[in-house]
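# Structural characterization, general
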Amino acid sequence: MSNDSLEAFAERKLRSLERRHLTRSVLTIDRVEANRVENEGDALISFSCNDYLGLARDPETIAASLAATGKHGVGAGASRLITGSHSCYRELEQSLAAIKACEDAVVFGSGYLVNIGVIPIMAGQPDLILIDELAHSCMRSGAALSRARVVAFGHNDAAAAARLLETERPRHRHCLILTEGVFSMDGDRAPLPELARLARRHDAWLMTDDAHGLGVVGAGRGSTFAHAVPVDVPLQMGTLSKAVGSYGGYLCASRTVCDLVRNRARSFVYSTGLPPGTVAAATRALEIIVTDAGRTARPLKLATRFCEALGLPPAESAIVPIVIGSSEDAIEASRALRDRGLLVVAIRPPTVPAGTARLRITFSAGHSDSDLDTLVGAVRELGLVRTAARDHHAA
Ligand SMILES: *Cc1c(COP(=O)(O)O)cnc(C)c1O
């Protein structure tokens, strides 16, 4: 049987992406050390990994993973509500709840699964969801699945959120406010104290996605702890795949809310539990995060020095964007850095808004001072920051 129309359809879609310099391809990258990678025979220093603390290749997390695998096997065997909740989970969920100062925690298969599972439980048709316009794709997916009315507010604009609450909140039953703690493509932080105050005043529920905050800000405990007093956020989610170096996602909340989530989140109920080794590695990584203050401070320290050296606005996290503008120019800049032994992947629409294609640089505790110097030298030599600033003003 022929599938001509399917082939033609795929071909047409791909050509359209190509014309706009938006084609993506899956690179084969082997990480040989925390920040050294190999791709097509080239050895590169990576400034694109989210393994902010080098814990994905730490001897202690590897040992914890091997021990748990030896004891419990490579797979969970079922969803957590059937027989897949092996004993490694208990310790991990207790550690997460303790770090976030919450009563309880629920671990999911990934961060993406947390957002698409939890958001539709907390809001439905008669409800309102206010979401930061730059919040991650999986928060938007969760909001779309909820069938609540979804309204975006300007990025980090608490005053805009306040205006929407004034006019829209009274017409809806419940209201959920969604934002990231540290924004994944911009590296800046949300005004959490202001948003928490608004949520209290308008009887709304604040939910934060701290995928890039845990392990890096707030002495490693994440965005809600990066303020004079910890911010009261009743729904805190994040991932175990970035600074924690392993895989999986979590929600930290009250015991009652977590009980509801374990009962109702479809991506929890109908998806297989994580492998024991993955869970044990995350638990060991969290122990390192709460005890090794030098390690958790390092990524932000490197990002700060990078921004100072190049006259960029002060870093607020391990992520520093250099906005280039067009997708074509961003790819060209990435290629030029690669020629100098540096892996900095270009980020293009729809991951970022049109016209803001960028180099997204991530710093890790595994980078040496000389890695930083090499990057600063290359960015200067290529004039990337100057070009970026000019294009930014022109836009
Ligand atoms: C990576 C990321 C996620 C998804 O987490 P995974 O565990 O990789 O599925 C969610 N939110 C943000 C902001 C992220 O950057």
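The following refers to the structure shown. (Residues numbered from 1 in each chain as written. Predicted model: local features only at pLDDT ≥ 70, side-chain atom pairs only at ≥ 80, totals over all residues. Heavy atoms only, no water.)

## Here we look at the environment of valine 151
To be explicit about the condition: Secondary structure counts use DSSP, requiring at least four H or I residues in a row for a helix and at least two E residues in a row for a strand, with both numbered from the N terminus. Contacts are assigned to residue pairs with any non-hydrogen atoms lying within 4.5 Å of each other.
Position of valine 151 relative to the elements: it lies in strand 6 (residues 149-153). For the pair valine 151 and serine 370, spaced 219 residues apart in the sequence, the C-alpha separation amounts to 45 Å. Beyond its immediate chain neighbours, meaning those up to four positions away, valine 151 contacts Leu128, Ile129, Leu130, Ile131 and Leu164.

## Here we look at unusual backbone geometry
A cis geometry characterises the amide bond from proline 349 onward to proline 350, with omega recorded as 10 degrees. Structurally, proline 350 can be placed in the loop between strand 13 (346-347) and strand 14 (357-362).

## Quick word on the sheet that holds strand 5 (residues 128-132)
Short version of the rule: Think of it this way: DSSP has to see at least two bridges between two strands before they count as a pair. Fitting a line to C-alpha atoms yields each axis, with helices limited to the stretch in contact; the angle taken between N-to-C directions then spans 0 to 180 degrees.
Pairing in this open sheet of seven strands is mixed, and the strands run 4-10-9-8-7-5-6 from one edge to the other. On the outer flanks of this sheet lie strand 4 (104-108) and strand 6, each paired with one strand and no other. Strand-to-strand twist of the sheet, defined as the mean angle between neighbouring strand axes without regard to direction, takes the value 20 degrees. In this structure, strand 5 lies alongside strand 6, joined through five bridges in parallel fashion. For isoleucine 131, the partnering residue across the bridge sits in strand 6 and is alanine 152.

## Topic: the pattern of salt bridges
This is how it is decided: For salt bridges, the criterion is a side-chain nitrogen of Lys or Arg within 4 Å of an Asp or Glu carboxyl oxygen. Each residue's exposure class comes from its accessible area (1.4 Å probe, protein chains only) as a fraction of the maximum for that residue type: buried when under 20%, exposed when over 50%, partly exposed otherwise.
Considering all chains together, one arrives at 21 salt bridges under this definition. Put simply, arginine 262 and aspartate 104 hold a salt bridge, and the shortest N to O gap is 2.6 Å. Here aspartate 104 lies in strand 4 and arginine 262 lies in helix 9 (residues 255-264), a separation of 158 residues in the sequence. Each of the two residues, arginine 262 as well as aspartate 104, counts as buried. The residue aspartate 369 makes a salt bridge to arginine 298 at a minimum N-O spacing of 2.9 Å. Separated by 71 residues along the polypeptide, aspartate 369 in helix 14 (residues 369-381) and arginine 298 in helix 12 (residues 293-310) bring together distant segments of the chain.

## Quick word on the packing of helix 12 against helix 14
This is how it is decided: For classification purposes, an angle smaller than 35 degrees is called roughly parallel, one larger than 145 roughly antiparallel, one from 65 to 115 roughly perpendicular, and anything else oblique. Crossing handedness: left-handed means the near helix sits turned counterclockwise from the far one by under a right angle, and right-handed means the same turn made clockwise. Residues are grouped as follows: Ala, Val, Leu, Ile, Met, Phe, Trp, Tyr, Cys and Pro are nonpolar; Asp, Glu, Lys and Arg are charged; every other residue, Gly included, is polar.
The interhelical angle for the contact between helix 12 and helix 14, taken along N-to-C directions, is 30 degrees, at an axis separation of 10 Å. Looking at the two axes, helix 12 sits roughly parallel to helix 14. Judged by the sense of rotation from one axis to the other, the crossing of helix 12 with helix 14 is right-handed. Along the contact surface, helix 12 presents Arg298, Leu302, Arg305, Phe306, Ala309 and Leu310, while helix 14 presents Asp369, Leu372, Leu375, Val376, Val379 and Arg380. Residues that form the contact of helix 12 with helix 14 fall into these classes: eight nonpolar, no polar and four charged.

## Remarks on helix 5 (residues 111-122)
The test is simple: Multiply 1.5 Å by the residue count of a helix minus one, and that product is the helix's expected span. Any pair of N or O atoms that falls within 3.5 Å is considered a polar contact. Within protein, one atom must be able to donate a hydrogen and the other to accept it, and sequence-neighbouring residues count only if both atoms are side-chain atoms.
For helix 5, built from 12 residues, the straight-helix expectation of 16 Å at 1.5 Å per residue is met to within 8% by its first-to-last C-alpha distance of 17 Å. Within helix 5 the residues assigned to the buried category are Gly111, Val114, Asn115, Gly117, Val118, Ile119 and Met122. Its side-chain oxygen 3.4 Å from the backbone nitrogen of tyrosine 112, serine 110 forms the N-cap of helix 5.

## Quick notes on the state of the cysteines
Applied cut-off: The definition used for a disulfide is geometric: two cysteine sulfur atoms within 2.5 Å.
On inspection of all chains with the given rule, the structure shows zero disulfides. Cysteine 49 forms no disulfide, and the closest cysteine sulfur to it belongs to cysteine 307, at a distance of 19 Å. The cysteine cysteine 138 is free of any disulfide, with cysteine 252 supplying the nearest cysteine sulfur at 16 Å. A relative accessible area of 3% places cysteine 138 in the buried class.

## Focus on the packing of helix 7 (residues 158-168) against helix 8 (residues 192-201)
Running from N to C, helix 7 and helix 8 cross one another at 10 degrees; their axes reach a closest spacing of 10 Å. By the angle class used here, helix 7 and helix 8 are roughly parallel. On the side of helix 7, the interface is formed by Ala158, Ala161, Ala162 and Leu165, while helix 8 contributes Glu194, Leu195 and Leu198. In terms of residue class, the contact of helix 7 with helix 8 is made up of six nonpolar, no polar and one charged.

## What about the site of the ligand?
As a reminder, the rule being used: We call a residue near a molecule or strand whenever a single non-hydrogen atom of that residue lies within 4 Å of it. Note on areas: Shrake-Rupley with a 1.4 Å probe; residue coverage comes only from the protein chains shown.
Around the ligand, the structure places 14 residues, and the nearest of them are Gly111, Asp209, His212, Thr239 and Lys242. Take threonine 239: an N or O atom from its side chain is 2.7 Å from an oxygen atom of the ligand. Serine 241 places a polar side-chain atom, nitrogen or oxygen, 3.4 Å from an oxygen atom of the ligand. Summarising the interface, the protein chains cover 87% of the accessible area of the ligand, which totals 380 Å² for the free molecule. Classifying every residue of the shell around the ligand by side-chain character gives three nonpolar, eight polar and three charged.

## Notes on the nonpolar core
Worth spelling out the cut-off: Remark: nonpolar core denotes a set of buried residues (Ala, Val, Leu, Ile, Met, Phe, Trp, Tyr, Cys) joined through side-chain atoms within 4.5 Å.
One finds Leu92, Leu96, Val107, Leu240, Val244 and Leu286 to be the most contacted residues of the largest nonpolar core, which totals 33 residues. Among the secondary structure elements, those contributing two or more residues to this core are helix 4 (88-99), strand 4, strand 10 (249-253) and helix 11 (276-291). Counting residues per element, this core draws most heavily on helix 11, at seven residues. When near neighbours in sequence (up to four residues on either side) are disregarded, valine 107 contacts Arg80, Tyr89, Leu92, Glu93, Leu96, Leu240, Gly249, Tyr250, Phe268 and Leu274. Formed by 30 residues, the second largest nonpolar core is a distinct cluster that contains Leu300, Leu312, Ala333 and Leu375.

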